[in-house]
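Structural overview
Residue-level listing of the chains:
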Amino acid sequence: MAKVGSPSEERAGARGRVPSRHPEEGAAGAEGRFKTEEMILNVGPQHPATHGVFRLLATIDGEVLIDADPVIGYMHRGYEKLVEQRDYRQITNLVSRMDWLSGINNELPLALAVEKLMEIEVPPRAQYLRVILCEMNRILNHLMFFASFGAELGAITPTFYAFREREDIQRVMEATTGGRMHFGFFRPGGIKEDVPEGFVEGALAGVRQVIDRLPDYENLLVGNEIFKQRTIDIGILEEEAAYSYGVSGPIARGSGITMDVRKDEPYLVYDQFDFDVQSAPNGDCFDRFWVLIREVGESARIVEQAIEGLPPGPIMGKVPRVIQAPEGEVYVRCENPLGELGMYLVSDGDRRPYRLKIRTPSYSNVSALSYVLKNTYVSDMIAILGSFFFVLGDIDR
Amino acid sequence: MAQTQSASRADEALERVKSALKETISEPKVNFGTVDLICEPGDLVGVMTALRDSEGIECKFFGFLSAVDRSELGEGGGGLEVLIVVYSPVHFFSVAVHVPVAAAAPACPSVSGVYSGALWHERETHEMFGIVFEGHPQLSNLYLPEDFEGHPGLRSFKLPGRAVKDWPGAKDPEEAAAGGR
């Protein structure tokens, strides 16, 4: 199979429909055109292109979306209120359920916030294992979206490949944590328990397999002519708009942004690994997907390096029996697979947080949807929705 | 190593923020690597615009907007405040802006004209804390039904299950051990 080049090389020969954004005045505006009336199309709440329950109120005129209003809240569980009633151990398992595709990543900022307030030193082995588990979870998450984005555009094959590779990594995660989705494995001070026998071999085999097969995946979709036609120059999100809406993660990096918390403000031991921040300049569906699939390789690289450097030693720092964060406030940001997950913790010295504001990536990302969907074609809607890689549990919290 | 680096970044950023915003802000400090400041509602839009556009600050990335009800925090408690966090992707530091608002009829100017991302965050804060964001184009509920009574984010709003009947068992292992279980 031919090797896939850079995004600009891949785009050069493509015959994407141009322009998609701002099609000339809409169908009804131009003189002498076929007259159409505005109508409201209700997409959802159950739609296969959304990972959860999500409704989109689309005002359409002929083939053009005049306005799109996302309706969220079908899965609102009120975590920010619930956490005020529960202690820090219990919260670990709550936040794990926000973005169910990246459970272990959700648990991290909470642990980091408590550790900062309590001044707990986390042993290096726990830090390395946290990085390994987080990056394996990132691979799982990205492969899931690789599968679903293909399926949404009518290509079912990627699903089978992605799930084959996912399973190998998933088994390692399951053997370590006991869970396949909701891990509940990070604790303030370290991790729940040390990894089982065979973890290193299993994890290495899993990520090496992903690295080996990644070029095939890229070819499968990125090199596909139909895929290009459906994604190039479709659903453009400009850099400035992305910043203003607070869009982060692979979606922002598809708009020419190189922001990545792991590089900019390294937490855990991310500053010790060699990896690149993937970014693409055009801000369309194609570039967002390109960044996503490239990030799989970067995560696999980090896992390889972290396993190589995995130090022996304890997996829990010195933690008192009852975790009571002292009075204070702290804001912690982490790079979740879908963007920046931030937690603002206000503690009054109790074993429960006084207030925990959870800034989830999908929430801010999806708030930009109505801007991006405006004046696009109805037929591009699903491609754009799919390329925003969101999980509803993460939006509604 | 990484922590000290980001702490010195925040210290330098604090000086630039101080000189750019002068007396529109109070109590500027660095808190765990985040620049932390207090701003009155009247100055908010000006402060946010300055944070976004001033050279050396350039906090273009909208983090979040929410509120903290401090009425039960510490002795005597505090008031209600709007909390905004923005991040500078150019100079790599975050700024947390605390805006105290009146608890009786809380109101605050909308910053959605400065950061588009605030549109949804202000709607959520409005329904959860009852804060009115003046100038917001459509301040309707995001999560709650329109006829929902009360503001669940406030400390005075108790979760119904807990208010009616206390949790039957021991809430903590320590209590359970003390009770002989």
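Computed from a prediction, not measured in an experiment: that's the story for all the values here. (Residues numbered from 1 in each chain as written. Chains lettered and ligands numbered in written order. Predicted model: local features only at pLDDT ≥ 70, side-chain atom pairs only at ≥ 80, totals over all residues. Heavy atoms only, no water.)

**Observations regarding the overall build of chain B**
Rule in force here: Starting at the N terminus, helices and strands are each numbered in turn, a helix being any DSSP run of H or I of at least four residues and a strand any DSSP run of E of at least two. A 1.4 Å probe rolled over the protein chains alone gives each residue an accessible area, and that area as a share of the maximum for its type sets the label: buried under 20%, exposed over 50%, partly exposed in between. Should any heavy atoms of two residues lie within 4.5 Å, those residues are considered in contact. Here the open area of atoms and residues is found with the Shrake-Rupley method and a 1.4 Å probe, where only the protein chains shown may cover a residue.
A count of helical and extended segments in chain B gives 5 helices and 7 strands. Each helix (α) and strand (β) of chain B, taken in turn from the N terminus, gives the series α-β-β-α-β-β-β-β-α-β-α-α. A burial count over chain B gives 50% of its 181 residues as buried. A sequence separation of at least 24 residues applies to 50% of the contacts in chain B between residues at least 6 apart. As displayed, chain B offers around 8,400 Å² of accessible surface, 55% of which is attributable to carbon and sulfur atoms.

**Structural notes on the sheet that holds strand β4 (residues 80-88) of chain B**
Residues and elements named next belong to chain B. Basically, it comes down to this: A pair of strands is considered paired only if DSSP assigns at least 2 bridges between the two. Lines are fitted to the C-alpha atoms to define the axes, a helix being fitted only along its stretch in contact, and any angle between axes, read from their N-to-C directions, falls within 0 to 180 degrees.
Read across the sheet, 5 strands follow the order β1-β2-β5-β4-β3 without closing on themselves; strand pairing throughout is mixed. For this open sheet the edge positions go to β1 (25-31) and β3 (61-69), each flanked by a neighbour on one side alone. Taking the axes of each pair of neighbouring strands and ignoring which way they run, one obtains an average angle of 20° across the sheet. In this fold helix α2 (residues 44-53) packs onto β1, β2 (34-39), β4 and β5 (93-101), with an angle of close to 175° to the strand it touches most, β5. Strands β3 and β4 of the sheet are contacted by helix α3 (residues 118-129), whose axis makes an angle of about 10° with β3.

**Brief notes about the sheet that holds strand β8 (residues 355-359) of chain A**
All names here are of chain A. Spatially, the 3 strands line up as an open sheet ordered β6-β7-β8, and their pairing is antiparallel. Only two strands of the sheet have a single neighbouring strand rather than two, namely β6 (328-336) and β8. Averaged over neighbouring strand pairs, the angle between their axes works out to 10° when direction is ignored. Bridging between strand β7 (residues 339-347) and β8 involves 5 bridges; their strand directions are antiparallel. Each residue of the ladder has a partner; that of V346, found in β8, is R355. Each of β6, β7 and β8 is contacted by helix α5 (residues 103-118), which is oriented at about 150° to β6, the strand it contacts most.

**Let's talk about unusual backbone geometry**
In the Ramachandran plot, E119(A) falls in the positive-phi region, its phi being about 55° despite a non-glycine side chain. Residue placement: E119(A) occurs in the loop between α5 and α6 (124-152). Here the phi dihedral of E58(B) falls at roughly 45°; this positive angle occurs in a residue that is not glycine. Secondary-structure assignment places E58(B) in the loop between α2 and β3. Assessed through its relative accessible area of 22%, E58(B) is described here as partly exposed.

**Some words on the packing of helix α4 (residues 88-95) of chain A against α5(A)**
All names here are of chain A. So the rule is basically this: Orientation is classified from the angle alone, with under 35 degrees giving roughly parallel, over 145 giving roughly antiparallel, 65 to 115 giving roughly perpendicular, and any other angle giving oblique. Helix crossings fall into two classes, left-handed where the near helix is turned counterclockwise from the far one by less than a right angle and right-handed where it is turned clockwise.
In contact at an axis separation of 8 Å, α4 and α5 are set at 155° when each is read in the N-to-C sense. Accordingly, the angle class assigned to the pair α4 and α5 is roughly antiparallel. For α4 against α5, the interelement crossing comes out right-handed. Across from Y88, I91, T92 and V95 in α4, the residues of α5 making contact are N106, E107, L110 and V114.

**Thoughts on the pattern of salt bridges**
Residue and element names in this part refer to chain A. This is how it is decided: Definition used for salt bridges: Asp or Glu carboxyl oxygen within 4 Å of a side-chain nitrogen of Lys or Arg.
What the rule picks out here adds up to 32 salt bridges over all chains. Between R171 and E167 there is a salt bridge whose closest N-O contact spans 4.0 Å. Of this pair, R171 and E167 are both found in helix α7 (residues 157-177), 4 residues apart, which corresponds to roughly one turn of the helix. Members of the salt-bridge network, linked through shared partners, are E135, R138, R253, D260, R262, E295 and E335.

**Structural notes on the side chain of R359(A)**
To be explicit about the condition: The charge count includes Lys and Arg as positive and Asp and Glu as negative, but it does not include His or the ends of the chains. Whenever two N or O atoms come within 3.5 Å, that pair is a polar contact, provided that in protein one can donate a hydrogen and the other can accept it, and provided that, for residues adjacent in sequence, both atoms are side-chain atoms.
Structurally, R359(A) can be placed in strand β8. No salt bridge is formed by the buried R359(A); its nearest oppositely charged neighbour, E340(A), is found at 4.1 Å. Here the side chain of R359(A) touches E340(A) through a polar contact of 3.1 Å, landing on its backbone oxygen. Engagement of the side chain of R359(A) in a polar contact is seen with the backbone oxygen of G63(B), the distance being 2.8 Å. In contact with R359(A), not counting residues within four places along its chain, are G246(A), S248(A), Y331(A), E340(A), L341(A), G342(A), S364(A), F61(B), F62(B), G63(B) and F64(B).

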